[in-house]
Amino acid sequence: MESENYLSEEEQYKKILNKDEIKKIKDPELRELRQKYWELRLKKVLDTTGIKTDEQLQEEMDKIFEAEQQELNEYRNK
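Residues numbered from 1 in each chain as written. Predicted model: local features only at pLDDT ≥ 70, side-chain atom pairs only at ≥ 80, totals over all residues. Heavy atoms only, no water.

Engineer: Looking at this model, I keep getting lost on the side chain of Glu-21. Mind explaining?
Structural biologist: Residue position: Glu-21 is located in helix α1 (residues 19–23). Polar contacts involving the side chain of Glu-21 include one to the side chain of Lys-14, which spans 2.9 Å. Apart from residues lying up to four places away in sequence, Glu-21 is in contact with Leu-7, Lys-14 and Ile-16. (Helix = DSSP H or I, 4+ residues; strand = E, 2+ residues; numbered from the N terminus. Polar contact = N/O pair within 3.5 Å; in protein donor to acceptor, adjacent residues only side chain to side chain. Contact = heavy atoms within 4.5 Å.)

What follows is the structure, encoded as structure tokens:
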């Protein structure tokens, strides 16, 4: 992968990244972190037995985003 295909520093910390954008993160540790939370959000969206309302889904998504932001902040402070 050529360097111009990688996301910029600012882009890799956007609140929401799609799967293709995550693949363009140069640092493997950061890429894995962002992939982990992408997969958690996907599981919640596909959870037809545990999530009954849009409000429940939004609450779960908010929790995931908050956890991701905390972990991203810890990663940045390394």
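Engineer: Got a minute to help me understand the environment of Ala-67 in this structure?
Structural biologist: Within the fold, Ala-67 resides in helix α3 (residues 54–76). When its relative accessible area of 30% is taken as the criterion, Ala-67 is described as partly exposed. (Buried < 20%, exposed > 50% of the residue type's maximum accessible area, 1.4 Å probe, protein only.)

Engineer: How do you make sense of the packing of helix α2 (residues 28–46) against α3 when you look at a structure like this?
Structural biologist: The description of two packed helices rests on the angle between their axes and on the distance between the axes. Contact geometry for α2 and α3: axes closest at 10 Å, N-to-C directions at 175 degrees. Between α2 and α3, the angle is such that the two are roughly antiparallel. Every residue of α3 that contacts α2 at Glu-29, Leu-30, Leu-33, Arg-34, Lys-36, Tyr-37, Leu-40, Arg-41, Lys-44 and Val-45 is listed here: Leu-57, Glu-60, Met-61, Ile-64, Phe-65, Ala-67, Glu-68, Glu-71, Leu-72 and Tyr-75. Residues of the contact of α2 with α3, tallied by class, amount to 12 nonpolar, no polar and eight charged. (Axes fitted to C-alpha atoms, helices over the stretch in contact; angles between N-to-C directions. Parallel < 35°, antiparallel > 145°, perpendicular 65-115°, else oblique. Nonpolar A, V, L, I, M, F, W, Y, C, P; charged D, E, K, R; others polar.)

Engineer: Help me understand the packing of aromatic side chains, please; the structure alone is not making it clear to me.
Structural biologist: Remark: the centre distance and the inter-plane angle together describe each pair of aromatic rings, the angle taken between the planes. Evaluated as defined, the whole model comprises zero aromatic pairs. The ring of Tyr-13 is capped by Arg-76, whose NZ or CZ atom sits 3.7 Å from the centre of that ring. (Phe/Tyr/Trp six-rings, centres within 6.5 Å; stacked < 30°, edge-to-face > 60°. Lys NZ or Arg CZ within 6 Å of the ring centre and 35° of its normal.)

Engineer: Before we go on, may I ask you to explain the pattern of salt bridges in this structure?
Structural biologist: If charged atoms from side chains of opposite charge come close, those side chains can pair. For the coordinates displayed, the defined rule picks out seven salt bridges. A salt bridge links Glu-71 to Lys-36; its shortest N-O distance comes to 3.0 Å. With Glu-71 in helix α3 and Lys-36 in helix α2, this residue pair connects regions lying 35 residues apart in the sequence. Of the residues examined, Glu-71 reaches a relative accessible area of 25% and is grouped as partly exposed. Salt-bridge contacts for Lys-44 lead to Glu-60; the nearest nitrogen and oxygen are separated by 3.5 Å. With Lys-44 in helix α2 and Glu-60 in helix α3, this pair connects stretches of sequence that are 16 residues apart. According to the relative accessible area criterion, Lys-44 is partly exposed, its value standing at 26%. (Salt bridge = Lys/Arg side-chain N within 4 Å of Asp/Glu carboxyl O.)

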